[in-house]
Amino acid sequence: MRQSNNAFTIVELLVSIAVLVVLVLLVGRLFTSAATVTTSGNKRMDTDAQLRPLFDRMAVDFSQMLKRSDIDYYLKSSGNVQAGNDQIAFYSTVAGYFQSSGSQSPVSIVSYRINSTSGTISFNKLERMSKGLVWNGVSNTETPIVFLPFTISSTWPTATNSNSDPDYELIGPYVFRFEYYYLLKNGNLSDTPWDTPAGHSSVDGMQDVAAISVSIAAIDPKSRVLISDSQLTTLASRLNDFTTSMKPGDLLNQWQTALDGTTDIARPSVSAVRIYERYFHLVPKS
Amino acid sequence: MIYSLLRPAARTRENAVALLIVLAFLVLLAGITVAYISRTATARQVAHGSFNHAKSDQLARSALDIIVADFKQEIASAGTAPTNANIGPQRSPKPAAGSTPAIPNLIRRSVRSDSIPAPAVSSRGSAVNSTADASLDGRSISLTRWNTHYLVPKANTANTSSDPITSGFSAPNYWAPDWVVVTRNGPAAFNSWNTALSDASGGNSTFAIGRFAYAVYDEGGLLDANVVGLPSPTPSVTEIGRKGSAALADLTGMKITAGGSTPNPTTTSRIVAWRNYATVQSSGTFPALAPTPNASNFLNYFLDTSRDFRSVATTIYNNRTDQSFTNRRELIDLFRSSISASVNLLQFLGTFSRENNAPTWTAGTAILTQRFAIGQLALVIPNPSSASVADIQKYFGLKWIPGIPGSAGPPPTPATPGHWRYLGSTGSVMRDRIPAFTTTPEFFQLLNYAMNGTNTDDTTHIFTTLSIGAAIIDQYDGSAAADPTTGTTTTMIEYNGGWAFGLENSDPARPSPSPLPTPSPFPPPGGMSPTPPPAISTYVMLDRPFRNVGEFGYAFRASAAPTPTPSPNPKTIDFFTATSPDAPILDLFTYNTSNVRAGTVNLNTQNPAVIAALLKGAIMSEVSSSVVTHAPSNNAAASPTPNPNIGVIASTTSGSEGTLIKSATGRQDVSRLAAAAATTIGSSEEAKETVARALAEVTQTRTWGLLIDVVAQSGRYPPTASTLADFVVEGEKRYWLHVAIDRFTGQVIDQQLEEVFD
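All values derive from a computational prediction rather than experimental measurement. (Residues numbered from 1 in each chain as written. Chains lettered and ligands numbered in written order. Predicted model: local features only at pLDDT ≥ 70, side-chain atom pairs only at ≥ 80, totals over all residues. Heavy atoms only, no water.)

Draft legend 1. Main features of the overall build of chain A. Of the regular secondary structure elements, chain A holds six helices and eight strands. Going residue by residue from the N terminus, the α and β elements of chain A occur as α-β-β-β-α-β-β-β-β-α-α-α-α-β. The C-alpha atoms of chain A give a radius of gyration of 27 Å, which is well past the 19 Å a tight globule of 286 residues would have. Counting every position in chain A, which comprises 286 residues, the buried fraction comes to 50%. Within chain A, residue pairs in contact and separated by at least 24 positions form 73% of the contacts whose partners lie at least 6 positions apart. By element, 57% of the accessible surface of chain A is carried by carbon and sulfur atoms, the whole surface being about 12,900 Å². (Helix = DSSP H or I, 4+ residues; strand = E, 2+ residues; numbered from the N terminus. Rg over C-alpha atoms; globule rule 2.2 N^0.38 Å. Buried < 20%, exposed > 50% of the residue type's maximum accessible area, 1.4 Å probe, protein only. Contact = heavy atoms within 4.5 Å. Areas by Shrake-Rupley, 256 points an atom, 1.4 Å probe, with all protein chains shown as cover.)

This is the structure we're talking about:
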């Protein structure tokens, strides 16, 4: 009987195993890197995909905003300072939700806010209200667009506060910070929508506003599950409000610095937060 | 080595396992890769769609900037001293002299081989039509879609679609705009295919990045839907007839179809009740809203001289405010709602009108930036309060001199009536001339400037100017406005060199010869000096505030110094002959005092129905209160055959400058247009001047009110393209830009951008 002499020496086996381990490690690293890249890419795409329609929606709402000196706007200003998340409400000729049995006019009341009521399904999420309004005189109970001296806050309070309204839709489920400010026609950035040095003291149909700049902080769905509501609230509170002394880019820099300096919240969650800014240029008022 | 030691069967199994493992890995990797690529591709497509949307939006806005810049360039090229030939924007196609254009509202559109007259800028249209030449992906814009604003007359007037007429234009393009191709270098005209349009290589500046097409309409020549419309029950005949606001236009005077149908007054009233809900205290529910029967609310609102109608009233009623058509889409939507107004009316209605309320007529070196407010005449009351003394001198150059009672003597002294002394707007010395001015003349300086064309020191016309001014004051003030010393109601003005007198038919200080002779209240030997001029039985006295500058035409026009001797047929200010020297008065005075206002109509409108609405209901005779009815108002606007050249519209045909047919450069041309109306309204001077009374206050020429309808498409010509139509559309955007441009300064007074969703 022939004795086999084809066995491996222990050295050969060790070398083979070592080479295999190295190869496995390399391939594993490669896969990990690839997974990290794709995961990161996916997260970014998730967030981008979420923000794109939101910004498009805002662009339509802002471009069809009624700009008249005889209507009211609910805007942040020196007389209406909004700490933390902002809220904005205005009339726009976009189609709105219309639950009435009467005749719908082409005008809607549009509002954006971060839901601040804990315990609700939309808490810490961006909501948009687009309430379709009836033609004037349709009924005594349904209100059409009203002009000054009526204000939006007195006519549609939910457009200007945190109370619930069935016409709010969840438009940014992973947007937890919403801030806006104004690019005035004099070239300055401002937290007040009028040109004070020019002697103006009211919004007057947005006559002094060239663009509204919207800054948003959002987190992707996968990372969102890693962070609690209260942590998100805390994180949002660390992202500064815009002040008139800021220069272009300052706000986002401060936000990024605040995020980078956050150590009491899981790092993967914080690093998944993405911040965006977009200018919506307004057409002149009529 | 290991492999070779395995048994064949084992080797086969191991081969299979290895293959399976490798294949599994490959499938896994391929799956991951495909999923990732698919995800990114989807995201890219979505992003690309968003990008194309933004790109077409930028393209559309750039197109609007280019079009507006072209209009401003046209103004700059024509100069800021307009002539009849260039007071308005050039029209393309250019209408024939004395004719009405096929599409009255259409000023121009983008068109190939554009032959629009100078100084207009060519549209840069290429030889590819937006309607007839479908793109490579089959997209075109139908005429019906081009007419979703309803500014072109409908072909089928029986339904509510926006199908437009095509008469007057050739198939297959009809009046549809051609595309303007936008290259990397900007818009450029191409009469045939150019391969560089599809060459995307870096250095090629001719590569096409998009295209746009546009049409421009004369929104300024339309009635502003935010102002016009009479409630039902209507105000009194005399209130409507005195006009003074476009709100008093009678829409039932309009022929809104070729068949001559007219708007339903009930529907108009409902719209007014919807729009001015709080002001007219509407009742009922939409659409059957009804204004309060008391029309005074309506009149008080629209005859408020300080209201500019650019914003709604702050009045609240029923916890509601007034409304406003915030854009054209809202107007169309309301018409098509259950209120069921005729969409055929939409071609005559706009939602955006602006006027810089400043004169256009000029002479000498005067620089006038605003018109004189007629309402200031209310200041000139005998024995004025001390509070108004300064204003009276500022605005009229007058100072009140109290009367002195006479005595029988001996020696007898005549009574001196309380009267005015002409000092000019500054100083305390009685003037022997109408002083020179440059910027802010007082009333008599302005009258003298208008009638005599001079703003220098004028000693020649001081008597006639003061007399005419006094007659105007007497027409404006009531019969109770009398000198407390002598009771005379006649305005008397003393100047350095004599006296000038107004004219009152009823003056208790004057002996009345008829019908019952009464003695002079100031008998000899003292008497009164000076005495009022004799009355004229046929002289029409208004004795009320003017509603419009055309009513100056009732004022007696003294012709020579020193003693006025009215004839039995008094000569009054002339607003009815084509070459009247008084015509500039129409342009220099205003009832409404707003600097920029809405609601006025471009006098050069080519819509007969618009002029007819403004004329209908105007008072032809103050004594009988007879008014212009439907047929005369339409005949005056555009006379039917056999007199095609008679009528307001035919006489303002653009670009056909002759003696009588030419665009109006200002409200002074209303006098020429009254002459053009001939005897369609009546044969008396008062009847002919109805045109001046109805139109002067509510028309203008200096502001171009344009609606620019632009469709922009982002996209490209693929490498395989071989014709200008082979464009691949990637994004599309449509806007209506309402813009008001001051013809004299080239400045955009106001604008409103309306995004259109078809």
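Draft legend 2. Inspection of the overall build of chain B at higher detail. Secondary structure summary: chain B contains 16 helices and 19 strands in total. C-alpha atoms of chain B, sized along the principal axes, occupy 165 × 55 × 55 Å. Looking at chain B residue by residue over its 758 residues, the buried ones come to 57%. Within chain B, residue pairs in contact and separated by at least 24 positions form 68% of the contacts whose partners lie at least 6 positions apart.

Draft legend 3. Seen up close, the environment of S63 of chain A. For S63 of chain A, the location among the structural elements is in helix α1 (residues 10-63). Once the C-alpha coordinates of S63 of chain A and L251 of chain A are considered, the two residues, 188 residues apart in sequence, prove to be 24 Å apart. Non-local contacts of S63 of chain A, meaning those with residues more than four positions away in its chain, are made with R61 and E755 of chain B. At 3.0 Å, the side chain of S63 of chain A and the backbone oxygen of V60 of chain A are in polar contact. (Polar contact = N/O pair within 3.5 Å; in protein donor to acceptor, adjacent residues only side chain to side chain.)

Draft legend 4. Examining the environment of S342 of chain B more closely. Residues and elements named next belong to chain B. Relative to the assigned elements, S342 resides in the loop between α7 (328-336) and β6 (349-350). Owing to a relative accessible area of 31%, S342 belongs among the partly exposed residues under this scheme. Taking the C-alpha atoms as reference points, S342 and N84, separated by 258 residues in sequence, lie 35 Å from one another. Those residues in contact with S342 that sit more than four places away from it in its chain are I256 and F335.

Draft legend 5. Expanded view of unusual backbone geometry. Residue and element names in this part refer to chain B. For the peptide bond that leads from S232 to P233, omega is 5°, which places it in the cis range. One can find P233 in the loop between β5 (223-224) and α4 (237-241). One non-glycine residue, S113, lies in the positive phi region at around 45°. Residue position: S113 is located in the loop between β1 (106-109) and α3 (143-146).

Draft legend 6. Highlighting the sheet that holds strand β11 (residues 492-495) of chain B. All names here are of chain B. Taken in spatial order, the four strands line up as β9-β10-β11-β12 in an open sheet, and their pairing is mixed. Looking at which strands have only one partner, the edges of the open sheet turn out to be β9 (398-401) and β12 (498-501). For this sheet, the mean angle separating the axes of adjacent strands, direction not counted, is 35°. Here four bridges tie β11 to β12, and the two strands are oriented antiparallel to one another. Paired with M492 across the two strands is F501, which belongs to β12. (Pairing = 2+ DSSP bridges. Axes fitted to C-alpha atoms, helices over the stretch in contact; angles between N-to-C directions.)

Draft legend 7. Representation of the pattern of salt bridges. If you walk through the whole model with that rule in mind, you get 47 salt bridges over all chains. R112 of chain B is paired through a salt bridge with D133 of chain B; the nearest N and O atoms lie 4.0 Å apart. With R112 of chain B in the loop between β1 and α3 and D133 of chain B in the loop between β1 and α3, this pair connects stretches of sequence that are 21 residues apart. Note that R702 of chain B and D742 of chain B form a salt bridge whose closest N and O atoms lie 3.1 Å from each other. Of this pair, R702 of chain B sits in the loop between β16 (699-700) and β17 (703-716) while D742 of chain B is found in strand β18 (residues 728-742), placing the two residues 40 residues apart along the sequence. Overall, the relative accessible area of 6% leaves R702 of chain B in the buried class. Judged by relative accessible area, D742 of chain B falls into the buried class, the value being 1%. Through salt bridges with shared partners, a single network forms among K76, D86, R177, E179 and D241 of chain A. (Salt bridge = Lys/Arg side-chain N within 4 Å of Asp/Glu carboxyl O.)

Draft legend 8. Expanded view of helix α9 (residues 443-452) of chain B. Residue and element names in this part refer to chain B. Summarising burial for α9: nine of the ten residues are buried, a large majority. The complete set of buried residues in α9 reads F443, F444, Q445, L446, L447, N448, Y449, A450 and M451. Two or three places before F444, at the opening of α9, E442 has a side-chain oxygen 2.7 Å from that residue's backbone nitrogen. One or two steps after α9, the chain reaches G453, where phi turns positive at roughly 65°.

Draft legend 9. Seen up close, the interface of chain A and chain B. Counting residues at the interface gives 42 residues for chain A, matched by 46 residues for chain B. Roughly 3,700 Å² of surface becomes buried between chain A and chain B when both sides are summed, with 60% attributable to carbon and sulfur atoms. For the pair chain A and chain B, the number of links is zero salt bridges. Inspection of the region where chain A meets chain B yields ten residue pairs in polar contact (both at pLDDT 80 or more). Breaking the side of chain A that touches chain B down by element, the ones donating at least two residues are α1 and β2 (104-114) of chain A. If you tally residues by element for the side of chain A that touches chain B, the top one is α1 of chain A, at ten residues. Residue composition of the side of chain A that touches chain B, by class: 18 nonpolar, 17 polar and seven charged. (Buried area = accessible area lost by both parts, 1.4 Å probe. Nonpolar A, V, L, I, M, F, W, Y, C, P; charged D, E, K, R; others polar.)

Draft legend 10. Local environment of a nonpolar patch on the surface. Residue and element names in this part refer to chain A. Taken together, the side chains of I10, V11, L13, L14, V15, I17, V19, V21, V22, L23, L25 and L26 define a hydrophobic patch exposed on the protein surface, amounting to about 1,100 Å² of accessible area. By secondary structure assignment, the location of I10 is in helix α1. Classification of I10 by relative accessible area gives exposed; the value is 57%. (Patch = residues over 30% accessible without salt bridge, like charges linked within 9 Å, V, L, I, M, F, W, Y side chains within 5 Å.)

Draft legend 11. Expanded view of the layout of surface pockets. Residues and elements named next belong to chain B. Quantified by volume, the largest pocket comes out at close to 600 Å³. K255, T257, A258, F348 and P608 are the residues nearest the centre of the largest pocket, which is lined by 24 residues in total. For the lining of the largest pocket, the secondary structure elements donating two or more residues are α12 (608-615) and α13 (630-637). When grouped by side-chain class, the residues that make up the lining of the largest pocket number twelve nonpolar, ten polar and two charged. (1 Å grid on protein atoms, 1.4 Å probe; cavity = no way out; pocket = protein on both sides within 12 Å on 5 of 7 lines; lining within 4 Å. Points joined across faces, edges and corners; volume = space filled by probe spheres on them.)

Draft legend 12. Structural context of the packing of aromatic side chains. Within the structure shown, the criterion is met by 37 aromatic pairs over all chains. Pairing Y180 of chain A with Y182 of chain A gives two aromatic rings, centres 5.9 Å apart and planes at 80°, and the pair type is edge-to-face. Residue class for Y180 of chain A comes out buried when judged on its relative accessible area of 1%. Residue Y182 of chain A is classed as buried on the basis of its relative accessible area, which comes to 0%. An aromatic cluster is defined as three or more aromatic residues linked by ring pairs; in this entry it consists of F372, F396, Y422, F443, F444, Y476, F546, F552 and F589 of chain B. Over the aromatic face of Y180 of chain A sits the side chain of K76 of chain A, whose NZ or CZ is 5.4 Å from the ring centroid. (Phe/Tyr/Trp six-rings, centres within 6.5 Å; stacked < 30°, edge-to-face > 60°. Lys NZ or Arg CZ within 6 Å of the ring centre and 35° of its normal.)

Draft legend 13. Summary view of the nonpolar core. The biggest cluster of nonpolar side chains holds 160 residues, and the ones touching the most others in it are F552 and F589 of chain B. The biggest single contributor to this core is helix α10 (residues 462-476) of chain B, with nine residues. If we skip the residues at most four places from it in the chain, F552 of chain B touches I374, L377, F443, I472, F546, I573, F575, I585 and F589 of chain B. Counting residues in each nonpolar core, the second largest holds 51 residues, with V110, L184, M206 and I216 of chain A among its members. (Core = buried A, V, L, I, M, F, W, Y, C linked by side-chain atoms within 4.5 Å.)

Draft legend 14. The arrangement of the sheet that holds strand β1 (residues 87-92) of chain A in detail. All names here are of chain A. Ordered in space as β1-β2-β3-β4, the four strands form an open sheet in which the pairing is antiparallel. Each edge of the sheet is formed by a strand with only one pairing partner; in this case those strands are β1 and β4 (168-172). Looking at each pair of strands side by side, their axes are set apart by 25° on average, direction ignored. The pairing of β1 with β2 spans six bridges and is classified as antiparallel. Within the sheet, the bridge partner assigned to A89 lies in β2 and is S111. Of the strands in this sheet, β1, β2, β3 (126-134) and β4 are in contact with α1, which crosses β2 at around 130°.

Draft legend 15. The arrangement of the side chain of S633 of chain B in detail. Within the secondary structure, S633 of chain B sits in helix α13. Residue contacts for S633 of chain B: discarding those within four places in its chain leaves A612, L615, K616 and V628 of chain B.

Draft legend 16. Structural detail: the pairing of strand β4 (residues 208-218) of chain B. Residues and elements named next belong to chain B. Counted residue by residue, β4 has ten buried out of eleven residues, so it is predominantly covered. The sheet contact formed by β1 and β4 spans three bridges and is antiparallel. Across the sheet, residue R108 finds its bridge partner in β4, namely V216. Bridging between β4 and β17 involves nine bridges; their strand directions are antiparallel. Bridge assignment links D218 to a residue of β17, and that residue is L706.

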